[in-house]
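Given next are the chains, with one letter for each unit.
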Amino acid sequence: NRGALDTFQKILHIINEEEEIKPLADKIISEIKKNTPANDCAIAIYDSHDLTLLSEYKDPLLKLKVSKKTLTKVIKNKEAFYTQGEEGAEDHSKLLLPLFCNDKIACILILVIQEEDFQKNDELRNLFTMISKLISVAFKKQLKMESLSKELSDTRRLQYEFDFIGDSEPMKKVYNMIHRV
């Protein structure tokens, strides 16, 4: 289907264009809402050990609750899981797609979608599978870049402190004393 391919290409373009996680997530969510039968969606990052929510990218008005039992299934099995409003009357039916799960964090795409739309449409399942793989690669890359940027910043700070100490008066006296010996 041409629509699915167009959506996939647009998301691929967004991934190649954005360099920060927040705008990347916002644009991906917007594209999914605009071009798929998903009523809404979110991208959530959880701690893999205690399942606490670390980051969430979604419409501020969207209230999504996911039980620890459901999260455990998605993270442990590393496969999609469909829930039917398990959390209460105001909760939505949703599809959870694991983007990546490692020993520290689990990133999950949460789609608010009707079961009929997802179960009866192979093309839609394939589209969401491809999209989740693209998002997975993009988020891994962005999280790694943020980690490297923080490490570089820490290294620069330490280098500055070292340079400052090395140029201080007490250190100059030590250098002069060593030079005389």
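Colleague: Help me understand the environment of Thr129, please; the structure alone is not making it clear to me.
Modeller: Looking at the element boundaries, Thr129 is found in helix α5 (residues 122-166). When its relative accessible area of 33% is taken as the criterion, Thr129 is described as partly exposed.

Colleague: What should I look at first to understand the nonpolar core in this one?
Modeller: Note that soluble globular proteins tend to have their nonpolar side chains buried in a common cluster. Ranked by size, the top nonpolar core spans 34 residues in total, and within it Ile28, Ile32, Ile43, Leu111, Phe128, Ile135 and Phe139 carry the most contacts. Put simply, the parts of the chain that give this core at least two residues each are α1 (2-17), α2 (21-35), β1 (40-47), β4 (93-101), β5 (105-112) and α5. Core analysis: the second largest hydrophobic core is formed by 16 residues, Ala44, Val66, Leu71 and Val74 among them.

Colleague: Is there a simple way to think about the side chain of Asp40 in this case?
Modeller: Relative to the elements of secondary structure, Asp40 occurs in strand β1. Among the polar contacts listed, one links the side chain of Asp40 to the side chain of Lys33, at a separation of 3.5 Å. If we ignore the near neighbours within four places in the chain, the residues touching Asp40 are Lys33, Leu62, Ile110, Leu111 and Val112.

The rules behind each value
Residues numbered from 1 in each chain as written. Predicted model: local features only at pLDDT ≥ 70, side-chain atom pairs only at ≥ 80, totals over all residues. Heavy atoms only, no water. Helix = DSSP H or I, 4+ residues; strand = E, 2+ residues; numbered from the N terminus. Buried < 20%, exposed > 50% of the residue type's maximum accessible area, 1.4 Å probe, protein only. Core = buried A, V, L, I, M, F, W, Y, C linked by side-chain atoms within 4.5 Å. Polar contact = N/O pair within 3.5 Å; in protein donor to acceptor, adjacent residues only side chain to side chain. Contact = heavy atoms within 4.5 Å.

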